[in-house]
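So the chains spell out like this:
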Amino acid sequence: MKVTMPPVTLLEWFGSAERDLPWREPGLSGWHILVSEIMSQQTPVSRVVEPWTRWMARWPTPSALAAETPGEVVRAWGRLGYPRRALRLHECARVLAEEFDDTVPDDVDVLLGLPGIGEYTARAVACFAYGRPVPVVDVNVRRVIARSVHGRAEPANPARRDLADAEALLPRDADGAYAATAPRFSAALMELGALVCTARVARCEQCPLEPSCEWVRRGRPAHDGPPRRTARYEGTDRQARGRLLDVLRDTSGPVERAALDLAWERDPGQRARALDSLLVDGLVEVTDDGLFTLAGES
Ligand code: SF4
């Protein structure tokens, strides 16, 4: 006789599959969660663990970070990429220290008013730091919803509908109020998209949503929209910016233009464009005697 196991719920799956990440330790502050979320945007969590641990030891509160120069914060950002995030985080820390008594607020709308905090980050902080039952939608959740709810291989263009879809999935009590497990459910949905229902492969045989998944029910139809674009890095302005910033990060004082020229020799026009954009973004400054430094170090 064949014995059929009862289906595993998403929360049960999460209980055994949840990754052991340092910002999931109990007792951390909203600041710890906020920094982890900013660092994890567009950067794989495996690359975030080391810098996050270092940052939290060095700057355990917003005021500690705010006391640094912006340049030192960009230097400590290292090679996490998209370094404007570091500048925005520094500015956010200043506001938190001066206007929020060195704490991170727990309300989505208040969070949205802070520098560098967008819709995703505000919801993630409210949910993961403070247990607020708010839907949290990142690229992984969008993919899980596209497949499991709408039967599409890939999400459509970003839309408010994703938020409504995620909200509809949150568990509720019999009286219609959000269940106490709602925040953990949001974390589980994100983890499922990161580990099981990934952009590269859907591991449906390991998925707790498989019995009810609309994409599976439809026979796993192929993506029929525009091809997915994969971001190129090699040879881009972004890579050129990174090389120039590396020179400034690796020194403690101003450098001559020639040092920057050596860091990206292949295309002078691209190098000039990259340097201009770093100056415009406020990541780099020119000293009175025409040398280049990280922000706030001239
Ligand atoms: S069953 Fe497959 S497609 Fe559906 S949510 Fe799970 S992994 Fe994704």
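Rules of the game
- Residues numbered from 1 in each chain as written.
- Predicted model: local features only at pLDDT ≥ 70, side-chain atom pairs only at ≥ 80, totals over all residues.
- Heavy atoms only, no water.
- Domains from an automatic or database assignment.
- Contact = heavy atoms within 4.5 Å.
- Buried area = accessible area lost by both parts, 1.4 Å probe.
- Near = heavy atom within 4 Å.
- 1 Å grid on protein atoms, 1.4 Å probe; cavity = no way out; pocket = protein on both sides within 12 Å on 5 of 7 lines; lining within 4 Å.
- Sits in = over half its atoms within 2 Å of the grid points.
- Helix = DSSP H or I, 4+ residues; strand = E, 2+ residues; numbered from the N terminus.
- Nonpolar A, V, L, I, M, F, W, Y, C, P; charged D, E, K, R; others polar.
- Phe/Tyr/Trp six-rings, centres within 6.5 Å; stacked < 30°, edge-to-face > 60°.
- Buried < 20%, exposed > 50% of the residue type's maximum accessible area, 1.4 Å probe, protein only.

Asks: I tried to follow the domain arrangement of the protein chain on my own but got confused; where do I start?
Replies: Think of interface size as the accessible area that goes away when the parts come together; that is how it is often given. Partitioning the protein chain into domains gives domain 1 (20-130), domain 2 (139-217) and domain 3 (237-289). Each of domain 1 and domain 3 was reduced to a C-alpha centroid, and the two centroids are 26 Å apart. Opposite the 8 residues of domain 1 that make contact, domain 3 presents 12 residues. Overall, the association of domain 1 and domain 3 removes approximately 900 Å² of surface from exposure, summing both partners, and the carbon and sulfur fraction of that is 51%.

Asks: For this particular structure, what's the right way to read the site of the ligand?
Replies: Around the ligand, the structure places Arg-147, Ser-148, Val-196, Cys-197, Cys-204, Cys-207, Glu-210, Cys-213, Trp-215 and Val-216. Cavity membership is defined here by more than half of the atoms lying within 2 Å of grid points; on that basis the ligand lies in the largest cavity. Only helix H9 (139-148) and helix H12 (214-217) provide two or more residues apiece to the shell around the ligand. Taken together, the residues of the shell around the ligand sort by class into 7 nonpolar, 1 polar and 2 charged.

Asks: What exactly am I supposed to notice about the packing of aromatic side chains here?
Replies: Each pair of aromatic rings is reported with the distance of its centres and the angle of its planes. If you walk through the whole model with that rule in mind, you get 4 aromatic pairs. With a centroid separation of 4.8 Å and 85° between ring planes, the pair formed by Trp-55 and Trp-59 is classed as edge-to-face. Judged by its relative accessible area of 0%, Trp-55 is buried. Aromatic pair Trp-55 and Trp-77: ring centres 5.7 Å apart, planes at 75°, arrangement edge-to-face. In this pair, Trp-55 sits in helix H3 (residues 45-58) while Trp-77 sits in helix H5 (residues 70-77), placing the two residues 22 residues apart along the sequence. The pair Trp-55 / Trp-77 is uniform in exposure class, with both members buried. Here the aromatic residues Trp-55, Trp-59 and Trp-77 are joined through ring pairs into a cluster of three or more.

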